[in-house]
Amino acid sequence: MKIVDLSVIIPVYNAEEYIRRCLDSILIQSFDNWEAICVDDGSSDQSGSILDEYAKKDARINVVHKANAGSASARRVAVEQAVGKYLICIDADDWIEQGMFLELIMKAKEYDAEIVTSGVTRDYGDHCITDPTYIIEGFYSGEEYINQIRNKMFDSDNFVQFSVSPGLWNKLFLTEMVRPFFIGVPDEIKTDTDTVVSYPALWSANNMYVLDNSWYHYCQNQSSVMHTLNQNRGDSLRRTYDYFEAMYKLNWSGDLFIKKQIECLKIYSWLQFSPNDILAYNDGILSGYGDILPSDRIVLYGAGSYGMHLHKYLTEETDLNIVAWADKSGDGIYIIRPDQLGQIEYDIIIIGVLLNNLVQDIIDYLRRIADSHKRILRFDINLFLDNSQSPRK
């Protein structure tokens, strides 16, 4: 059997529109000692046929067809048969820039690193935003790894800021180190399936190399956002964080740094996918945002995943007066553009975005183009915890 340096794990479900782009970006990598394990998770479109087509052309591409059971199940099937010394995951609707494999493998071998991580490029089709790592490039091990990486992966003081992204896709793992975390995830876990593998692996690792580059293109598909909006994710989130709590008690009980990260991850996930289970508007206070009167005229800014869920919650579950919904990508009618704010009367702008670096950029931008005297409210973790709401049973 040929020794393979890298196993590429690709779960695929109804991705016929994107999977060719994904596989083509892998085929042009300058590093070529890899195997790709593509798991067709019961697709009802042409994804399976496309995978078979590519497998016939290149023996490094292996295809598994199975009944639909979710991404955790698909990854587990692939990881169980992976033979590469290292492992990386790529989502079927994303793609990578040339040179990614070579740079990650070189650092892993040079430093005997258990994990190599990099930044990520959020790809909106017509424009891209680079998410940095927020950690100085270099090798971290021993106490430096514990203090600078492991204990600070989720920066709760700058909610929400990931010092290390929870995504699997921008990380190279030593296969034997990470394999148990993939295999241990039950099929019932449908939400935060990246996080339940990546963070336990990071908490358990001894070292990591951090690269500044952002080769991985994490593509933002509006159809995926709308699909998420129409799902009730509360039960799924409970299963995910029950699993996290069980892992914590088994492996890291008493570690307050990890306990706080899990708690903040839970809040972030509920805000993203099911804010109606965790937010509350009582006695003129919107949890996490502060004082808002029913008579205040409100503009909600942000139409991404969180913005859509927040809009649904505010308009359907509260009596707050939402006079407009705004976003840079607005159509100018249902969702207005920021340059239209001068045409309406409002008192407060609520920011429906969570990632700290994006929020600050948005506030600075709105201060320049809108009435600088208007209140702009962002989600504040400390305000939220002061009036904390446990997810409703």
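That block above? That's the structure.
Residues numbered from 1 in each chain as written. Predicted model: local features only at pLDDT ≥ 70, side-chain atom pairs only at ≥ 80, totals over all residues. Heavy atoms only, no water.

> An account of the overall build of the protein chain is needed here, citing residue identities and associated values.
Secondary structure assignment for the protein chain yields 13 helices and 19 strands. Taking 21 Å as the expected radius of gyration for a compact globule of 393 residues, we find that the protein chain reaches 22 Å, a close match to that expectation. Summarising its shape, the C-alpha atoms of the protein chain cover approximately 70 × 45 × 40 Å along the three principal directions. When burial is assessed residue by residue, the protein chain has 59% of its 393 residues classed as buried. In the protein chain, once contacts between residues fewer than 6 apart in sequence are set aside, the share between residues at least 24 apart is 79%. Within the structure as shown, the protein chain displays about 17300 Å² of accessible surface, and the carbon and sulfur contribution to it stands at 48%. (Helix = DSSP H or I, 4+ residues; strand = E, 2+ residues; numbered from the N terminus. Rg over C-alpha atoms; globule rule 2.2 N^0.38 Å. Buried < 20%, exposed > 50% of the residue type's maximum accessible area, 1.4 Å probe, protein only. Contact = heavy atoms within 4.5 Å. Areas by Shrake-Rupley, 256 points an atom, 1.4 Å probe, with all protein chains shown as cover.)

> So what about the sheet that holds strand β5 (residues 95-96)? Which residues, and what values?
Strand order in the open sheet formed by four strands is β5-β12-β7-β8, and the pairing between neighbours is mixed. Only two strands of the sheet have a single neighbouring strand rather than two, namely β5 and β8 (128-131). (Pairing = 2+ DSSP bridges.)

> I'd love a proper account of the pairing of strand β18 (residues 348-351), names of residues and values included.
Two faces make up the sheet, and in a regular strand the side chains alternate between them. Here β18 shows no split at all, with I348 and I350 on one side and I349 and I351 on the other all buried. Sheet topology places strand β16 (residues 297-301) next to β18; four bridges connect them, and they run parallel. Its bridge partner being in β18, L300 is matched across the sheet by I350. Handedness of the crossover joining β18 and strand β19 (residues 375-377) through helix α12 (residues 356-369): right-handed. (Right-handed = clockwise from strand over helix to strand, strands pointing away.)

> Which residues make up the sheet that holds strand β6 (residues 115-117), and what values go with them?
Backbone-to-backbone hydrogen bonds join strands into a sheet, with any given pair of strands oriented parallel or antiparallel. One open sheet accounts for eight strands, arranged β3-β2-β1-β4-β10-β6-β11-β9; its pairing is mixed. Only two strands of the sheet have a single partner each, and these edge strands are β3 (61-66) and β9 (138-141). Ignoring which end each strand starts from, the neighbouring axes of this sheet average 20° apart. Strands in contact with helix α4 (residues 100-111) are β1 (6-12), β2 (34-41), β4 (86-89), β6, β9, β10 (171-174) and β11 (207-210); relative to β4, the strand with the most contacts, it is inclined by about 145°. Where helix α6 (residues 175-183) meets the sheet, it contacts β4, β6 and β10, and its direction lies at approximately 100° from that of β10. (Axes fitted to C-alpha atoms, helices over the stretch in contact; angles between N-to-C directions.)

> Which residues make up the packing of helix α10 (residues 256-273) against helix α11 (residues 305-317), and what are the values?
Two elements in contact, α10 and α11, have axes separated by 7 Å at closest approach and are oriented at 65°. It follows from the interaxial angle that α10 and α11 lie roughly perpendicular. Between α10 and α11, the contacting residues are L271, Q272 and F273 on the first element and S305, Y306 and H309 on the second. When grouped by side-chain class, the residues that make up the contact of α10 with α11 number three nonpolar, three polar and no charged. (Parallel < 35°, antiparallel > 145°, perpendicular 65-115°, else oblique. Nonpolar A, V, L, I, M, F, W, Y, C, P; charged D, E, K, R; others polar.)

> Could you give an account of the pairing of β11, naming the residues involved and the relevant values?
Across the two faces of β11 the burial is the same, with N207 and Y209 and M208 and V210 all buried. Looking at chain direction, β6 and β11 are connected through two bridges and run parallel. Note that in β11 the partner of T117 across the bridge is V210. In the sheet, β9 pairs with β11 via four bridges, with the strands oriented antiparallel. Bridged to G138 within β11 is V210.

> Outline empty space enclosed by the protein, supporting the account with residue identities and numerical values.
Remark: the empty space left among the atoms is shown by a probe the size of a water molecule rolled over them. Enumeration according to the criterion identifies one cavity of 30 Å³ or more in this entry. Taken as a whole, the largest cavity holds about 30 Å³ of empty space. In terms of lining residues, the largest cavity is bounded by A72, R75, F182, V185, T193 and V197. Here the lining of the largest cavity is built from residues that sort into four nonpolar, one polar and one charged. (1 Å grid on protein atoms, 1.4 Å probe; cavity = no way out; pocket = protein on both sides within 12 Å on 5 of 7 lines; lining within 4 Å. Points joined across faces, edges and corners; volume = space filled by probe spheres on them.)

> Give me the lowdown on the pattern of salt bridges, citing residues and values where you can.
Under the defined criterion, the tally for this structure stands at 18 salt bridges. For E53, the salt bridge goes to R20, with nearest N and O atoms at 2.9 Å. Residue E53 is found in helix α2 (residues 47-57), and its partner R20 is found in helix α1 (residues 19-27); the two are separated by 33 residues along the sequence. Among the ionic pairs, D187 bridges to R76, the shortest N-O distance being 2.4 Å. On the criterion of sequence distance, the pair formed by D187 in the loop between α6 and α7 (195-204) and R76 in helix α3 (residues 71-81) is long-range, its members being 111 residues apart. R76 sits in the buried class, given a relative accessible area of 14%. Among the ionic contacts, a cluster of salt bridges with common partners joins R20, E53 and K57. (Salt bridge = Lys/Arg side-chain N within 4 Å of Asp/Glu carboxyl O.)

> Which residues make up the nonpolar core, and what are the values?
Generally speaking, soluble globular proteins have nonpolar side chains that are buried together. With 98 residues, the main nonpolar core has F159, I351 and F379 as its most contacted residues. Among the elements that make up this core, the one with the highest residue count is α10 (nine residues). Excluding its chain neighbours within four sequence positions, the residues that come into contact with I351 are Y289, Y301, Y306, V359, I362, I363, L366, I376, L377 and R378. Core analysis: the next-biggest nonpolar cluster, separate from the first, contains 36 residues, V12, A15, M100 and A113 among them. (Core = buried A, V, L, I, M, F, W, Y, C linked by side-chain atoms within 4.5 Å.)

> Lay out the packing of aromatic side chains in plain terms, naming residues and giving numbers.
Considering all chains together, one arrives at 13 aromatic pairs under this definition. When the ring of W325 is compared with that of Y334, the centres are 5.7 Å apart and the planes differ by 75°; the resulting orientation is edge-to-face. Connected via pairs of aromatic rings, a cluster forms that spans Y199, W203, Y241, F244, W252 and W270. The ring of Y365 carries the charged tip of K328 above its face, separated from the ring centre by 4.4 Å. (Phe/Tyr/Trp six-rings, centres within 6.5 Å; stacked < 30°, edge-to-face > 60°. Lys NZ or Arg CZ within 6 Å of the ring centre and 35° of its normal.)

Worth remembering: the numbers are spatial, not functional.
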